[in-house]
There are 6 protein chains.
Amino acid sequence: MRILVVNPNTTASMTARIGAAARAAAAPGTEVEAVNPAMGPASIEGYYDEAFAVPGLLEEIGRGEATGVDGHVIACFDDTGLEAARSLARAPVVGIGEAAFHMASLIAGRFTVVTTLARSVPAIEHNLMKYGLAARCARVRAAEVPVLALEDAASDARRRIAGVIEQAKDEDGAEAIVLGCAGMADLAAALSSAHGLPVVDGVASAVKLVEGLAALGLRTSKTLGYATPRPKRYTGLLDRFAPR
Amino acid sequence: MRILVVNPNTTASMTARIGAAARAAAAPGTEVEAVNPAMGPASIEGYYDEAFAVPGLLEEIGRGEATGVDGHVIACFDDTGLEAARSLARAPVVGIGEAAFHMASLIAGRFTVVTTLARSVPAIEHNLMKYGLAARCARVRAAEVPVLALEDAASDARRRIAGVIEQAKDEDGAEAIVLGCAGMADLAAALSSAHGLPVVDGVASAVKLVEGLAALGLRTSKTLGYATPRPKRYTGLLDRFAPR
Amino acid sequence: MRILVVNPNTTASMTARIGAAARAAAAPGTEVEAVNPAMGPASIEGYYDEAFAVPGLLEEIGRGEATGVDGHVIACFDDTGLEAARSLARAPVVGIGEAAFHMASLIAGRFTVVTTLARSVPAIEHNLMKYGLAARCARVRAAEVPVLALEDAASDARRRIAGVIEQAKDEDGAEAIVLGCAGMADLAAALSSAHGLPVVDGVASAVKLVEGLAALGLRTSKTLGYATPRPKRYTGLLDRFAPR
Amino acid sequence: MRILVVNPNTTASMTARIGAAARAAAAPGTEVEAVNPAMGPASIEGYYDEAFAVPGLLEEIGRGEATGVDGHVIACFDDTGLEAARSLARAPVVGIGEAAFHMASLIAGRFTVVTTLARSVPAIEHNLMKYGLAARCARVRAAEVPVLALEDAASDARRRIAGVIEQAKDEDGAEAIVLGCAGMADLAAALSSAHGLPVVDGVASAVKLVEGLAALGLRTSKTLGYATPRPKRYTGLLDRFAPR
Amino acid sequence: MRILVVNPNTTASMTARIGAAARAAAAPGTEVEAVNPAMGPASIEGYYDEAFAVPGLLEEIGRGEATGVDGHVIACFDDTGLEAARSLARAPVVGIGEAAFHMASLIAGRFTVVTTLARSVPAIEHNLMKYGLAARCARVRAAEVPVLALEDAASDARRRIAGVIEQAKDEDGAEAIVLGCAGMADLAAALSSAHGLPVVDGVASAVKLVEGLAALGLRTSKTLGYATPRPKRYTGLLDRFAPR
Amino acid sequence: MRILVVNPNTTASMTARIGAAARAAAAPGTEVEAVNPAMGPASIEGYYDEAFAVPGLLEEIGRGEATGVDGHVIACFDDTGLEAARSLARAPVVGIGEAAFHMASLIAGRFTVVTTLARSVPAIEHNLMKYGLAARCARVRAAEVPVLALEDAASDARRRIAGVIEQAKDEDGAEAIVLGCAGMADLAAALSSAHGLPVVDGVASAVKLVEGLAALGLRTSKTLGYATPRPKRYTGLLDRFAPR
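This one's a predicted model, so the numbers in the text were calculated from it and none came from an experiment.

K.L.:
What is the right way to read the sheet that holds strand β1 (residues 2-6) of chain B from this model?
P.N.:
Two modes of strand pairing occur in sheets, parallel and antiparallel, and in both the strands are linked by backbone hydrogen bonds. Residues and elements named next belong to chain B. Pairing is parallel across the open sheet formed by 4 strands, whose spatial order is β2-β1-β4-β5. The sheet is open, and its two edges are formed by β2 (31-35) and β5 (93-95), each paired on a single side. Taken over all neighbouring pairs, the strand axes of this sheet differ in orientation by 20 degrees on average, direction set aside. Pairing of β1 with β2 involves 5 bridges; the strand directions are parallel. Looking at the pairing, Arg-2 lines up with Glu-31 of β2. The sheet strands contacting helix α2 (residues 47-66) are β1, β2 and β4 (71-74), and the helix crosses β1 at an angle near 170 degrees.

Structure, rendered in structure tokens:
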């Protein structure tokens, strides 16, 4: 089985870390291809960056489809471009945000999300509502750690995340923690041990969900919202993306 | 007062019709500038087209901000790129979908949306949920009319729309109708007379809401979800859009 | 265009201030007529006062209809008698509470309401639920300021309101503030500057929404919940209000 | 125990029938006093009539309180003036609409409401949402029977109601029926036998709930939304109702 | 009228206290039979205990039906086995949790539940959602008092409960308190006096609701979810419970 | 990896079919142990059967835990005893109902559930609400096929199921179908081909989810609702199940 993992930002070092996390989670027979777009923002911190990450992301999804991958993972916690990717793909497409929410819902009554910046909180809350899982989320908390600080061992990012997890246990009645950024993928096991409750990483979760869907032959529905794009003219810079 | 109305698809004839509808709705002192992006899809029919419409749309929003417009209207019923546009703008930004929902909520207990294609229904339902107004919408119905058929006087588009409005009255308990496509803007008055209930067009609604917000000095909040994009590197085709 | 603004309590000094706020918000061609009922409570602080404000309010709405106003504003944050007024009127009727909620929803993901007394909180929460906008409201907070203290420059009302706004920013994730009393109308601009986020006043908001609805020819739906009252006998004190 | 049952319309024959239904439901030791206001509409069919029924209703609630009744029933299915009555009363106050919803929720997963006119449907749906019980109601259906036709044995009211109940069973998955008008009180038992599922009447339900609350010493909370009205000046026709 | 009150745990002293509370609440003509199963857990603290309490509970419900009781009360705040009991019974069945929620909803806008252990909170929250009354509940709080400590006069259980009620008033906007354990039944009146707001006990509430339902001839619906179990083979230890 | 699949009814032929479906779905390295309890009902059709299936189910879950299985599947679409099983287990526990809902949510905006009997619909709807996924489900439909008829090749069960799927496509806007009974597991692939949209079986879905959770070391949270049962005395038939 081949799974395409797309980091929708253009920071190759983060792609490498995400790829490693995905491979660590993958089953023996699963080949993980971790890529990032050639064009777009270096990190996704809010709705504007997200918008410019989508064309490059869709280009990668399209390439994956063309080469016959069995499934796609979108490795940004905002689930950047998820619906558009599903419209393009026949293989299943899973975002790491939704993956973590679904997995956490299977082992805990209610979970708290720990994300990077306060500005990301509304987008995550909106996704929870869209997926139907808002009632399973006790609270979305920001550790106030910029995404790329997670790449920097000297930052106090880990200490801040630990502090927020303790708050979630004390104040939110959280029974599990969801790590709200692809860059936190390698912290899950250590945090779970340290804090005594399940800590769910979206990258690994998405890999297992895509493996599961693909193994069962479950592919993206094409009957309504995710129907194949109708052929039409696109103009300008983006014309090469026009559906045919 | 100057209002920028962006048709996020690249079909100039539709931009012209939208501009005319917007000018017809505007107050005497309001100058309406109706534009469409240089790049992107000829129409927006589903999530994929929407994704590729956003960069060009944001470019227009950015130009509008640079020239000091008092507010922006996004003239696609999907409210394409609304959150990203709000992140970029300080002036208020209103989508024609949300505009119609809010206006209809002020004159009717419950409304039915009549849109073009069934594939657009899930995106509209999702927006209603995001805005909080899902409970005010009795049903989202598709007339199965392609967007550009609305440009074609010989099509049976109007007859189909009329049929769906009668169903909405009979079966949904609809007290008002929301027209679910920018291309339907000039049908509202005639349909309201013919069917005996308010018929709300989003283009006109959005113009009045932006005029209202701008007159009151109400500008997009910059404190959390719509915070100004953080400066960062963008790569490739889209690098010129990087926030600085 | 002529808009009737009804302060549903009988305190003429508050009517004058509301009228001034409405006129300040109105477009050049809009004539604002600010009135209050001849009968009813001096202020509306809870459900009981609200009930006795409605007959006088409806009398004013009826007079406005008879003189052909283009729209009505109900200038109490509880949106006193809104549904009954809509049943009576063909012109659009907008309450200042709903007006502020809708306007705030267009410039912020989530808002906090700052009202006068704790006893008013449940009614406001109930309205938010009825309108469908409860999910857009982070919290309804009371500054514990009686309505008429807002008329008294020597009171500490403004200091209290400022304190509650800071709490809303710190604790609620509020991206905008809605002022929860008609008597606070003239504080909005100063509070917005002082606290660095949009502060929405319902009186001004309602004026702009009614202007917008009226300009577009959108009138109250008469097909179901707001159908014209059926003719019938009314008895006693209130007999002159019987629908004919 | 003494229970005041207030029919908020001024039709004495309906008051008599409601009183009979209430007495039939009351426990041996319960004295039922059935009254209607001296002023107000002959029937309540929509929001406008409701508004003018409230002052007279509250006058009766106030008299009941003054004579020390143990509880109050508001015998209109819209639960006319319920919150205002609770603000005035220390004894429990139960509306027949909410009473029927609560009782039906104890014997059925989901119920359908059968009311008189389509124009009443939105108000009932709104009450269900306010009470939190909307999810327990499969649908609110109108039999298109005017309230006073229920007084007329020659009308086809009963046949129409029977037809709607069969639709509710077939199409709504209704496990119980709630009769949506005080004037239907005496039909419940016969309809239950005829249609083979529980049929709940609000008048009888409210009597039992008030008896229960009163027996347990449970009185209306005075700490927030239903706090005793603050003393203030009322003007004009309604001045005698001012809280002191 | 005969009401069966089943304490679903096997602690006879608690059954005796529950029976006393039920009898204190019952009307003069009501005979209360308080029982507990011969088999099952000594107390119900979480989902596991609940599962093993159900067979014994249903055995008692079945006995009650066989002897023709007029209604059943399930006297555990989790409403243990409620749906299964309704499937078995034709008489009405009311759980003390739902009873308290419904009664509190009639005298207060919003209530806080005070239960024993934090581990019970999710089950109670889930029931509130199932009943539709979650929006009426401000918060479910645990006093961290084990169930059987309520039997021990020397414990600090009462002091802890009092502390939590004060928090509910200060922080939750609670207008009433619901006592979240059958073992707290005899504290309600004293706590109401001490804290100045209604305090609702589920045992007494359920008795009044069953009395009311039974007096009105309202029995459990048999048309869908609570349909009589289909005859089938049961195997092993539990074979004697097979529906015939 | 070893997964225990418990069919909570006592029909061995169904256990064999479920085991085959589970093994067909399992990854190469996964050992599936399919069992059914020694005691309990031959099929689960409603709340009463469900209650008597739980003790035997929990006995099997306990045995699985004792032998160190990596995860558990509860193979009844009602997710019989799910919360109690989670309280007992440290390994992850997944019900086939929730599994199918989560998997369908990843490939379709909205799905329809096709179950056996109308009496099962309310329990499934309730589970959807509990999991938070009710908004993702367009409708729960019953094919009116008894569970054991699925074992009988001569029945018209398949034809009925096909008919309901076509209704779901036409009337519900369903983008995927969830098969609402463990006994339908082997129909999924053929139905998906025949009807042209994804058809999701819960048994296979649950196997993949448990494999995924176990591979990632995600185990049931023990901090609140699923905390390990407190040691206590159980009495009678069920005493051997007492937590120690």
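Text resumes after the structure shown.
K.L.:
Explain the packing of aromatic side chains to me, please; I cannot follow it from the model alone.
P.N.:
Each aromatic ring pair is summarised here by two numbers: the centre-to-centre distance and the angle between the ring planes. One pass over the full model with this rule turns up 48 aromatic pairs over all chains. Ring geometry for Phe-101 of chain A against Tyr-131 of chain A: centres 6.2 Å apart, planes inclined by 45 degrees, an arrangement best described as tilted. One end of the pair, Phe-101 of chain A, is in helix α4 (residues 96-105); the other, Tyr-131 of chain A, is in helix α5 (residues 121-131), and 30 residues separate them in sequence. The interplanar angle of 35 degrees and the centroid separation of 6.0 Å between the aromatic rings of Tyr-226 of chain C and Tyr-47 of chain D together place this pair among those described as tilted. Highlighted residues: Tyr-226 of chain C in the loop between α8 (202-215) and β10 (234-235) and Tyr-47 of chain D in helix α2 (residues 47-66), drawn from two different chains. Note on accessibility: Tyr-226 of chain C and Tyr-47 of chain D belong to one class, buried.

K.L.:
What is the right way to look at the interface of chain D and chain C in this model?
P.N.:
Buried accessible area, meaning the area lost when the parts come together, often serves as the stated size of an interface. Counting residues at the interface gives 47 residues for chain D and 47 residues for chain C. Of all residues in chain D, Tyr-48, Phe-52 and Arg-119 of chain D bury the most surface against chain C, accounting for 17% of the area lost on that side. Here Glu-45 of chain C makes a salt bridge to Lys-232 of chain D, at a shortest N to O gap of 2.8 Å. The tally of links between chain D and chain C comes to 21 residue pairs in polar contact (both at pLDDT 80 or more). At the level of elements, β3 (40-41), α2, α3 (82-88), α5 (121-131) and β10 (234-235) of chain D are the ones that each hand at least two residues to the side of chain D that touches chain C. Residue contributions to the side of chain D that touches chain C peak at 8 residues, all from α2 of chain D. Here strand β3 (residues 40-41) of chain C pairs with β10 of chain D via 2 bridges, running antiparallel. From the neighbouring strand, Pro-41 of chain C faces β10 of chain D, where its bridge partner is Tyr-234 of chain D.

K.L.:
Which parts of the structure should I look at to understand the pattern of salt bridges?
P.N.:
Opposite charge on two side chains makes pairing possible when the charged atoms of those side chains draw close. As enumerated under the stated definition, the model contains 102 salt bridges over all chains in all. Here Glu-60 of chain A and Arg-63 of chain A are joined by a salt bridge, their closest N and O atoms 2.8 Å apart. Of this pair, Glu-60 of chain A and Arg-63 of chain A are both found in helix α2 (residues 47-66), 3 residues apart, which corresponds to roughly one turn of the helix. Arg-63 of chain A sits in the partly exposed class, given a relative accessible area of 48%. In this structure, Arg-86 of chain B and Glu-98 of chain B form a salt bridge, with 2.6 Å as the shortest nitrogen-oxygen distance. You can see Arg-86 of chain B sitting in helix α3 (residues 82-88) and its partner Glu-98 of chain B sitting in helix α4 (residues 96-105), a full 12 residues away along the chain. Overlapping salt bridges, with partners in common, bring together Glu-45 and Asp-49 of chain A together with Arg-230 and Lys-232 of chain B in one network.

Criteria and thresholds
- Residues numbered from 1 in each chain as written.
- Chains lettered and ligands numbered in written order.
- Predicted model: local features only at pLDDT ≥ 70, side-chain atom pairs only at ≥ 80, totals over all residues.
- Heavy atoms only, no water.
- Pairing = 2+ DSSP bridges.
- Helix = DSSP H or I, 4+ residues; strand = E, 2+ residues; numbered from the N terminus.
- Axes fitted to C-alpha atoms, helices over the stretch in contact; angles between N-to-C directions.
- Contact = heavy atoms within 4.5 Å.
- Phe/Tyr/Trp six-rings, centres within 6.5 Å; stacked < 30°, edge-to-face > 60°.
- Buried < 20%, exposed > 50% of the residue type's maximum accessible area, 1.4 Å probe, protein only.
- Buried area = accessible area lost by both parts, 1.4 Å probe.
- Salt bridge = Lys/Arg side-chain N within 4 Å of Asp/Glu carboxyl O.
- Polar contact = N/O pair within 3.5 Å; in protein donor to acceptor, adjacent residues only side chain to side chain.

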